[in-house]
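Per-entry structural report
Take a look at the letters that make up each chain.
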Amino acid sequence: MAEGQMEPQKRASIVSATTKQGAEIQLKNRGNRPEDWTWVEGCVWTQAMLAALGNGVKGGKWFSLMDKITAPKTLAAAWQCVQANAGACGVDQMSVETFAANAERYLTELSHAIRTDSYEPQAIRRVSIPKAGGGERPLGIPSVKDRIVQTALKFVIEPVFEREFLDSSYGFRPRRGCKDALREVQEQLNAGRVWVVDADLKSYFDTISHEMLMDKLKRRIADGKVLHLIDRYLQQDIIAQAERWTPTMGTPQGAVISPLLANVYLHDLDVEMANAGYTMVRYADDFVVLCECEEQARAALVRISEWVQAHQLTLHPDKTHVGNCLKRGQGFEFLGYRFEAGYRTIRHKSIQAFKDKVKKLTRRNCGQSLKYLADRLNPMLKGWFGYFKHAKGGIFAKLDGFVRRRLRSILCKQNKLGYYHNSHAVTLRWPKVYFANLGLFTLYEARARASRPR
């Protein structure tokens, strides 16, 4: 089989070595498949509550959850998560370090404010971050206090919905991630499902219907105070430079609770496609449907389009298509990779993002030693390779050459030499072995080692 060609991948088993509750709690859901619940927050979800989660509660709805959110232990655990994640200040300019100086008092005030219904979420500070391949993505930054309350809220309600989420959903879920989704896609392609519906929801997080989302939440949450708290977050004002407005739809990217709410909203699409017999793999709002023939794929796209329209969303006209990924020009992109003509390659935007990161770390006038720069580059290079190592191998040597050219340019600057792109003299003066002796991680050699039979 050719290098980089599609190979069967075994699904990685999920084994938990530790538990926050000191015991392995096994529940059954989704077709009586054992589910590991050791990831839940132990100060919230007791064994009795987990048993109720497994057995089902009366009417399928959960009551009296607000007291779990306001409990001192829950808020303290939420604060630890927020502190570990750090992050920028919100509109109040309170930093994580400032909150830490008086954490006990602030947490007590938060608990009292929520219990007495005097808690008011602050506005969200909106910033724009660059997207791979150009353009900008809006990002909302809540205040530290709001991030703590949202984390506590997530601790409480996430297991309620996780119990129902399907295996086809991988994004922002416990014990699941991009690599699991990619493994599933690869397995389906190897099984012959090569006609693919590549769907893209246009501005998904900004176009979620508040009314429909709240209706979906009410199916399982019957605590009016919790629902009111979520509704307040959906209607938080947004501040961007001199502008301020109240959103009528959407949930801001960057808010702690947003990924869970986004999954709740799309869960019905997962159910719709599964009940119709389609194989879908979804990571948040990025999903593909893998089919055995063109007719099936076209029918799947029609079903998706109808569901999307009924839920006030929009399929991106330029990024949604049906194709046979074994044929050139009909492939699809998913989670940084491109699947086409029987190969898995790295999409152009991901390669450009890699080069942008390298450029940021290797500015020509940085004034640092090459050993220092190699040590800074290595974690990024290793992490990038760890994710993209299953791609066709030809690209890795080219990217290694790009990294070395950036470093040679710095050496020329430091030695007051003129630098010409791919100059033979410069290459002879600082050959590959020079950078190897510095300990620079090499993508090509790592790919070669990973490809050797064991």
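Residues numbered from 1 in each chain as written. Predicted model: local features only at pLDDT ≥ 70, side-chain atom pairs only at ≥ 80, totals over all residues. Heavy atoms only, no water.

**A few points about the overall build of the protein**
As a reminder of what qualifies: Helix and strand definitions follow DSSP, with helices as H or I runs of at least four residues and strands as E runs of at least two, each counted in order from the N terminus. In this setup the radius of gyration rests on C-alpha atoms only. A globule is expected at 2.2 Å times the number of residues raised to 0.38. Three exposure classes are used, based on accessible area relative to the maximum for each residue type with a 1.4 Å probe and protein chains only: buried under 20%, partly exposed in between, and exposed over 50%. Every residue pair with non-hydrogen atoms within 4.5 Å of one another is taken to be in contact. Working definition of accessibility: Shrake-Rupley area with a 1.4 Å probe, residue cover restricted to the visible protein chains. Asp and Glu count as negative and Lys and Arg as positive, but His and the ends of the chain are not part of the count. To locate a charge, take atom NZ for lysine, CZ for arginine, CG for aspartate or CD for glutamate.
The secondary structure content of the protein amounts to 18 helices and 13 strands. For the protein, the C-alpha radius of gyration of 25 Å lies close to 22 Å, the compact-globule estimate for 454 residues. Seen along its three principal axes, the alpha-carbon backbone of the protein occupies a region of about 75 × 60 × 50 Å. Taking all 454 residues of the protein together, the buried fraction comes to 48%. Counting contacts in the protein only where the partners sit at least 6 residues apart, residues at least 24 apart contribute 70% of the total. Of the accessible surface of the protein, which amounts to about 22,500 Å², a share of 49% is contributed by carbon and sulfur atoms. Averaging the positions of the 68 positive and the 47 negative side-chain charges in the protein gives two centres separated by 9 Å.

**Comments concerning the packing of aromatic side chains**
To keep things clear, this is the line we draw: Centre distance within 6.5 Å is the pairing criterion for rings of Phe, Tyr and Trp, where only the six-membered ring of Trp is used; planes under 30 degrees apart are then read as stacked, over 60 as edge-to-face, and the remainder as tilted. As a reminder, the over-ring test applies to NZ of lysine and CZ of arginine, requiring each to be within 6 Å of the ring centre and within 35 degrees of the ring normal.
All chains considered together, the criterion is met by 19 aromatic pairs. Summarising the aromatic geometry, the rings of Y337 and Y387 are spaced 5.9 Å apart at their centres and angled 40° between planes, so their arrangement reads as tilted. Here Y337 is found in strand β12 (residues 337–340), whereas its partner Y387 is found in helix α14 (residues 370–388), with 50 residues between them in sequence. Residue classification places Y337 among the buried positions, given a relative accessible area of 0%. Through successive ring pairs, a cluster of aromatic residues spans F332, Y337, F339, F354, W384, F385, Y387, F388, F396 and F441. Positioned above the aromatic ring of Y170, the side-chain terminus of R176 is 4.4 Å from the ring centre. Against the face of Y265 rests K216, its NZ or CZ located 5.4 Å from the ring centre.

**Examining the pattern of salt bridges**
If the charged atoms of two oppositely charged side chains come close together, the side chains can form a pair. Under the convention used in this document: A carboxyl oxygen of Asp or Glu within 4 Å of a side-chain nitrogen of Lys or Arg is what we treat as a salt bridge.
A complete count under the given rule lists 21 salt bridges for this structure. With a closest N to O distance of 2.6 Å, R183 and D180 form a salt bridge. A residue pair is termed a helical-turn pair when its members lie 3 or 4 positions apart in one helix, as R183 and D180 do in helix α7 (residues 178–190) at three residues. The buried category is assigned to D180, whose relative accessible area is 17%. A salt bridge links R347 to E333; the nearest nitrogen and oxygen atoms lie 3.9 Å apart. With R347 in the loop between β13 (343–346) and α13 (348–361) and E333 in strand β11 (residues 332–334), this residue pair connects regions lying 14 residues apart in the sequence.

**Regarding the side chain of D180**
In plain terms, the rule: Pairs of N or O atoms are called polar contacts if they sit within 3.5 Å, as long as, within protein, a hydrogen donor faces a hydrogen acceptor (for residues adjacent in sequence, only side-chain-to-side-chain pairs).
Side chain to side chain, D180 and R183 meet in a polar contact 2.6 Å long. In contact with D180, other than residues within four places in its own chain, are Y170 and R175.

**Quick word on the confidence of the model for the protein**
Under the convention used in this document: Per residue, pLDDT captures the predictor's confidence, and it can take any value from 0 to 100.
Per-residue confidence for the protein gives a mean pLDDT of 90, with 91% of residues at or over 70. Confidence drops under a pLDDT of 50 for residues 1–34, and excluding neighbours within four residues, the segment shows 91 contacts in the predicted structure.

**Concerning the environment of I129**
Inspection of the secondary structure puts I129 in strand β3 (residues 124–130). When its relative accessible area of 32% is taken as the criterion, I129 is described as partly exposed. Separated by 10 residues in sequence, I129 and L139 have C-alpha atoms that sit 6.9 Å apart. Discounting chain neighbours no more than four positions away, the residues touching I129 are G135, E136, R137 and L139.

**A few points about the sheet that holds strand β9 (residues 286–291)**
We apply this condition: A pair of strands is labelled paired if DSSP reports no fewer than 2 bridges between them. Here, axes are lines fitted to C-alpha atoms. For helices the fit covers the stretch in contact, and angles between N-to-C directions go from 0 to 180 degrees.
Taken in spatial order, the four strands make up an open sheet running β8-β9-β5-β10, and their pairing is antiparallel. Bordering the open sheet on either side are β8 (279–283) and β10 (321–324), each of which pairs with just one other strand. Each adjacent strand pair in this sheet contributes to an overall mean axis angle of 20°, direction not counted. Where strand β5 (residues 195–200) lies against β10, four bridges are found, and the strand directions are antiparallel. Residue pairing across strands places D198 opposite H321, the latter belonging to β10. Lying over the sheet, helix α11 (residues 258–275) contacts β8 and β9, oriented at roughly 170° with respect to β8.

**Thoughts on the nonpolar core**
Under the convention used in this document: Residues belong to one nonpolar core when they are buried, are Ala, Val, Leu, Ile, Met, Phe, Trp, Tyr or Cys, and are joined through side-chain atoms within 4.5 Å.
Grouped together as the largest cluster of nonpolar side chains are 128 residues, with contacts concentrated most on I148, I157 and F334. A total of 10 residues in this core trace back to one element, the largest contributor, which is helix α6 (residues 144–162).

**So, unusual backbone geometry**
Despite not being glycine, Q241 shows a phi value in the positive range, around 55°. Mapped onto the secondary structure, Q241 falls in the loop between β6 (238–240) and β7 (243–245). Under the relative-accessibility criterion, Q241 is labelled exposed at 83%. Not every positive phi belongs to a glycine, and Q312 is a case in point at roughly 60°.

**Details of the sheet that holds strand β4 (residues 136–141)**
Pairing between the strands of a sheet is mediated by backbone hydrogen bonds and can be parallel or antiparallel. Spatially, four strands are ordered β4-β3-β6-β7 in an open sheet, and the strand pairing comes out mixed. Of all the strands in the sheet, the pair left with one neighbour each is β4 and β7. Taken over all neighbouring pairs, the strand axes of this sheet differ in orientation by 30° on average, direction set aside. Here six bridges tie β3 to β4, and the two strands are oriented antiparallel to one another. Following the sheet pairing, P130 is matched in β4 by E136.

**Concerning the packing of α13 against helix α15 (residues 394–414)**
Note the following rule: Convention used here: angles under 35 degrees read as roughly parallel, angles over 145 as roughly antiparallel, angles from 65 to 115 as roughly perpendicular, and any remaining angle as oblique. Should the near helix be turned anticlockwise from the far one by less than a right angle, the crossing is termed left-handed; should it be turned clockwise, right-handed. All amino acids are sorted into three groups, where Ala, Val, Leu, Ile, Met, Phe, Trp, Tyr, Cys and Pro are nonpolar, Asp, Glu, Lys and Arg are charged, and the leftover types, Gly among them, are polar.
Interhelical geometry of α13 versus α15 gives an angle of 25° and a closest axis separation of 10 Å. In terms of orientation, α13 lies roughly parallel with respect to α15. As α13 packs across α15, the resulting crossing turns out to be right-handed. Across from I351, F354, K355, V358 and K359 in α13, the residues of α15 making contact are I395, L399, F402, V403 and R406. Its residues assigned to classes, the contact of α13 with α15 shows seven nonpolar, no polar and three charged.

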